[in-house]
Amino acid sequence: MSLDYIRAGTTEDAIAALIRGGDDAKVVAGGTALVLMLQEGFIAPRYLVDIGRIAALGGIRDVGDAVIIGATTTLWQVMTSPLVGRRLPVLVGALGRVATVRIRSVATLGGNLAHGDPRLDPAAVLLALDASVRLAGPDGERWLGLEELFVDELTTAIGPAELVVEIRIPYPDPSSRLTYRKLVGQTMDDYGVVNVAARLDVDDGRCRDARLVLGAVAATPIRVPAAEAVLRGAGIGPAVIAQAAELAREAADPVGDLRGSAGYKCDMVVVEVRRALTELASGPGGPATPAGRWSDS
Ligand SMILES: Cc1cc2nc3c(=O)[nH]c(=O)nc-3n(C[C@H](O)[C@H](O)[C@H](O)COP(=O)(O)OP(=O)(O)OC[C@H]3O[C@@H](n4cnc5c(N)ncnc54)[C@H](O)[C@@H]3O)c2cc1C
């Protein structure tokens, strides 16, 4: 079957091409995930709508209380942005754990979120940061929080002719301590066995608010509200950390695969959550920690 390639010049052109192509059309941005799906026969579109050259979908800008990142901005552009480095070092650390420099140089942030794979590194950390996406489609524009975006494995709430246009990431409060951990079983550029993003907002030694997000151990990246409730209002010591880690284990629902059995992954959830919260109990966390440091592999 033939595959038509359409290079859209504007967001409107892209949406019009997607409407015309219907179920046979697919968006391509960096193509790192899409080409694999094509090669493996998971998808067989007749039209590929390339949004990579739409100028309005790129760029990084400061809007006072948040950064707005255009959907086609590459992971490399995000992680080398001085603004992001200054205001969101935990995101830089998480992006540095995505695959290799070659992938990071072409993979886009919008494509990452739209892919809807539960193992994706940016997704977990952006959930902990309360990020949201702006979508544009045939019925206009709308904003969606990331929790509403991820519906099921490789399934998002993005409509058939909708595009992720930009990602809004609020700047964390000065009291926020953040970390991202990714346990890999094989090579450093592999997908995680367990990913953990944690945020504690700490005042006078007590946790005012918390986010605990697990990646790779359920059909979508998930928050663990029961653990967040235990952390909220507490002084962060070993007993509270152990309780939160057990609650995270209960929330996880991994499948066994070549990276480990379901039981092993549940055990590693406990270990990684404990490590993440212990790190945050003693300091601000961020990319200077070994788990968050990125390399040029
Ligand atoms: C070898 C390899 C290793 C990888 N390792 C990791 C890893 O460790 N961690 C990690 O997080 N990711 C990893 N990935 C996944 C991949 O790099 C990311 O998901 C990437 O960010 C996808 O971005 P992209 O621009 O290439 O998306 P594409 O491949 O172009 O698209 C991905 C999906 O999103 C849709 N899409 C793209 N952009 C938009 C948009 N703006 N609006 C609506 N839909 C859109 C496409 O139709 C497609 O369904 C890996 C990929 C490969 C090939």
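Residues numbered from 1 in each chain as written. Predicted model: local features only at pLDDT ≥ 70, side-chain atom pairs only at ≥ 80, totals over all residues.

A look at the overall build of the protein chain
To keep things clear, this is the line we draw: Where helices and strands are cited, they refer to DSSP runs of H or I of at least four residues and of E of at least two residues respectively, numbered from the N terminus. This radius of gyration counts C-alpha atoms alone. The globule rule is 2.2 Å times how many residues there are, raised to the power 0.38. Exposed residues have 12 or fewer other C-beta atoms within 10 Å of their own C-beta, buried residues have 20 or more, and partly exposed residues fall in between, where C-beta atoms are placed from the backbone. Any residue pair is listed as a contact if its two C-beta atoms, each placed from the backbone, are within 7 Å.
Helix and strand counts for the protein chain come out as twelve helices and 14 strands. For 297 residues, the compact-globule estimate of 2.2 N^0.38 gives 19 Å, and the protein chain sits close to it at 19 Å. Reported as C-alpha extents along the three principal axes, the dimensions of the protein chain are approximately 60 × 45 × 35 Å. Across the 297 residues that make up the protein chain, the buried fraction comes to 47%. The contacts of the protein chain with a sequence gap of at least 6 include a subset with a gap of at least 24, amounting to 64%.

A closer look at the sheet that holds strand β12 (residues 194-203)
Short version of the rule: When DSSP finds two or more bridges between a pair of strands, those strands are recorded as paired. Axes here refer to lines fitted to C-alpha atoms; in helices the fit is confined to the stretch in contact. Angles between the N-to-C directions go from 0 to 180 degrees.
Strand order across the open sheet formed by four strands is β11-β12-β13-β14, with antiparallel pairing between neighbours. Every interior strand has two partners, whereas the edge strands, β11 (176-183) and β14 (222-223), have only one. Pairing of β12 with strand β13 (residues 206-215), which is carried by nine bridges, proceeds in the antiparallel orientation. Its bridge partner lying in β13, A197 is registered against V213. Against the sheet, helix α12 (residues 262-282) touches β11, β12 and β13, its axis set at about 30° to β12.

Things to note about the site of the ligand
Operational definition: Using a C-beta atom placed from the backbone for every residue, we mark a residue as near a molecule or strand if that atom lies within 6 Å of it. In this classification, Asp, Glu, Lys and Arg are treated as charged, Ala, Val, Leu, Ile, Met, Phe, Trp, Tyr, Cys and Pro as nonpolar, and every other residue, Gly included, as polar.
Close to the ligand lie 29 residues, the nearest being G30, A99, A107, G111 and N112. Among the elements of the structure, β2 (25-28), α2 (32-39), α7 (109-115), α8 (121-128) and β10 (163-170) are those that each provide at least two residues to the shell around the ligand. Counting residues per element, the shell around the ligand draws most heavily on α7, which supplies five residues. Grouping the constituent residues of the shell around the ligand by class yields 19 nonpolar, eight polar and two charged.

What about the domain arrangement of the protein chain?
This is how the line gets drawn: Just so you know, the domain bounds were taken from an automatic or database domain assignment.
You can read the domains of the protein chain as domain 1 (4-50), domain 2 (55-170) and domain 3 (176-289). Across the boundary between the two partners, domain 2 contributes 22 residues, which contact 23 residues of domain 3. Of the residues forming the side of domain 2 that touches domain 3, the biggest block, six residues, is contributed by α8. Class assignment of the residues belonging to the side of domain 2 that touches domain 3 gives a composition of 14 nonpolar, two polar and six charged.

Some remarks on the nonpolar core
In a soluble, globular protein the nonpolar side chains are often hidden away together inside. The condition is simple: Note on definitions: a nonpolar core is a set of buried residues drawn from Ala, Val, Leu, Ile, Met, Phe, Trp, Tyr and Cys, linked by C-beta atoms within 7 Å.
In terms of nonpolar packing, the biggest core is built from 90 residues, with V49, V125, L163, L214, A244 and A248 touching the most fellow members. Other than its neighbours up to four places away in sequence, L214 contacts V194, N195, V196, P221, I222, V224, A248, A251, A252 and V269.

Considerations on unusual backbone geometry
A negative phi angle is the norm for most residues apart from glycine, just as the trans form is the norm for most peptide bonds. Backbone geometry at L154 places phi at a positive 55°, although glycine is not the residue there. Relative to the helices and strands, L154 resides in the loop between β8 (150-152) and β9 (155-156). Taking the C-beta count within 10 Å as the criterion, L154 has 15 such neighbours and is therefore assigned partly exposed. The residue A216 is not glycine, and still its phi comes out positive at about 75°. For A216, the location among the structural elements is in the loop between β13 and β14.

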